[in-house]
Amino acid sequence: MKRKLELEELLKIQSGVDYLEGKGVKRNLTKAIELLKDTPDGQFFLGASFHGHHKANKDLKKALYWYEKAASNGHGQAQYNLALMYANDVWKDGVDRDVFKAYHWISRAAENNIDDAKETKEQILNDLSIEELEEVYKPKSIPPEILLQYKNVGQKELMIQNRGDIEMTKKEKIKLN
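These remarks concern the structure in this document. Only a predicted model underlies this, so the values are computations on that prediction, with no experimental measurement involved.

**Some details on the overall build of the protein chain**
Counting its regular elements, the protein chain contains nine helices and two strands. Listed N to C, the secondary structure of the protein chain is α-α-α-α-α-α-α-α-β-β-α in terms of helices and strands. Looking at the protein chain as a whole, 41% of its 177 residues qualify as buried. Long-range pairs, those at least 24 residues apart, make up 41% of the contacts in the protein chain with a sequence separation of at least 6. Entry remark: accessible area of the protein chain is about 11,000 Å², with carbon and sulfur atoms responsible for 50%.

**Things to note about the environment of L64**
Inspection of the secondary structure puts L64 in helix α4 (residues 60-72). Residues L64 and L46, spaced 18 residues apart in sequence, show a C-alpha to C-alpha distance of 9.9 Å. If we ignore the near neighbours within four places in the chain, the residues touching L64 are L82, M85, Y86 and V95.

**Re a nonpolar patch on the surface**
A grouping of L7, L10 and L11 is seen on the molecular surface, where their side chains present a nonpolar patch of about 300 Å² in accessible area. Looking at where L7 falls in the secondary structure, it is placed in helix α1 (residues 7-21). For L7, a relative accessible area of 61% gives the class exposed.

**Focus on the pattern of salt bridges**
Counted according to the given criterion, the structure contains two salt bridges. Here E21 and K23 are joined by a salt bridge, their closest N and O atoms 3.1 Å apart. The partner of K37 in a salt bridge is E34, with the nearest N and O atoms 3.5 Å apart. In this structure K37 comes out as partly exposed when scored by relative accessible area, which is 30%.

**So, the packing of helix α2 (residues 29-36) against helix α3 (residues 40-53)**
One can describe the packing of α2 onto α3 by two numbers: an axis separation of 8 Å at closest approach and a directional angle of 145 degrees. Across the interface between the two elements, L29, I33 and L36 of α2 pack against G42, Q43, F45, L46 and F50 of α3. Across the contact of α2 with α3, the residue classes tally to six nonpolar, two polar and no charged.

**What to know about the packing of aromatic side chains**
For the structure on display, the rule yields three aromatic pairs. Between F44 and Y67, the ring centres sit 5.9 Å apart and the planes meet at 35 degrees, which makes this aromatic pair tilted. With F44 in helix α3 and Y67 in helix α4, the pair connects residues that are 23 residues apart, well separated along the chain. Site record: aromatic cluster; members linked through ring pairs are F44, F45 and Y67.

**Digging into the nonpolar core**
Membership of the largest hydrophobic core comes to 39 residues, with the highest contact counts inside it found for Y67, L82, M85, I106 and A117. Elements with a contribution of two residues or more to this core: α1, α2, α3, α4, α5 (76-87), α6 (99-111), α7 (117-126) and α8 (130-137). Aside from chain neighbours lying at most four places away, what touches Y67 is F44, G47, A48, H51, A78, N81, L82 and M85.

**Focus on the packing of α5 against α6**
The relative placement of two packed helices is expressed as an angle between their axes plus a distance between the axes. Taken N-terminus to C-terminus, the directions of α5 and α6 make an angle of 155 degrees; their axes are 8 Å apart at the nearest point. The orientation of α5 relative to α6 falls into the category roughly antiparallel. Classified by chirality, the crossing of α6 by α5 is left-handed. Along the contact surface, α5 presents G76, Q79, Y80, L82, A83, Y86 and A87, while α6 presents K101, A102, W105, I106, R108 and A109. Split by residue class, the contact of α5 with α6 holds nine nonpolar, two polar and two charged.

So, how was this worked out
Residues numbered from 1 in each chain as written. Predicted model: local features only at pLDDT ≥ 70, side-chain atom pairs only at ≥ 80, totals over all residues. Heavy atoms only, no water. Helix = DSSP H or I, 4+ residues; strand = E, 2+ residues; numbered from the N terminus. Buried < 20%, exposed > 50% of the residue type's maximum accessible area, 1.4 Å probe, protein only. Contact = heavy atoms within 4.5 Å. Areas by Shrake-Rupley, 256 points an atom, 1.4 Å probe, with all protein chains shown as cover. Patch = residues over 30% accessible without salt bridge, like charges linked within 9 Å, V, L, I, M, F, W, Y side chains within 5 Å. Salt bridge = Lys/Arg side-chain N within 4 Å of Asp/Glu carboxyl O. Axes fitted to C-alpha atoms, helices over the stretch in contact; angles between N-to-C directions. Nonpolar A, V, L, I, M, F, W, Y, C, P; charged D, E, K, R; others polar. Phe/Tyr/Trp six-rings, centres within 6.5 Å; stacked < 30°, edge-to-face > 60°. Core = buried A, V, L, I, M, F, W, Y, C linked by side-chain atoms within 4.5 Å. Parallel < 35°, antiparallel > 145°, perpendicular 65-115°, else oblique. Left-handed = near helix turned anticlockwise from the far one by under 90°.

Shown next, in the form of structure tokens:
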């Protein structure tokens, strides 16, 4: 969802970013937050700053907080970044992997035509176990275009075939194995 920014809003965002980065002014995180907190673009800049764009501000819990505010307000890039944070297991500072949230936010980013979001959405789906896939689509059934046949391989499920437009229950999937 692209929106037209008014000149006053742009100037406020630029001032907030200047305080974040210390460009032309003394770096002041409190003042930056005050200027950026009320708009999706400002919230995104705060998320990016805490995500590590500005190493002095790195705090993944705060990045998550600001990305969620911006994403909830329709900011596509924040939706994309949030999806990546939830999809990956590498964020050890209080951001747990959550495939449901990852899929939710990457779907919203794809709807907002964010570059790479559709491809990333497919990658997230391909990385899911059958249990995670069912959780993502709960209470709906898994859409036919991504319905997969699974085969047990030890404790790990392996996706072996895209079943196209055929709908199957879990019992029918097991029968195919």
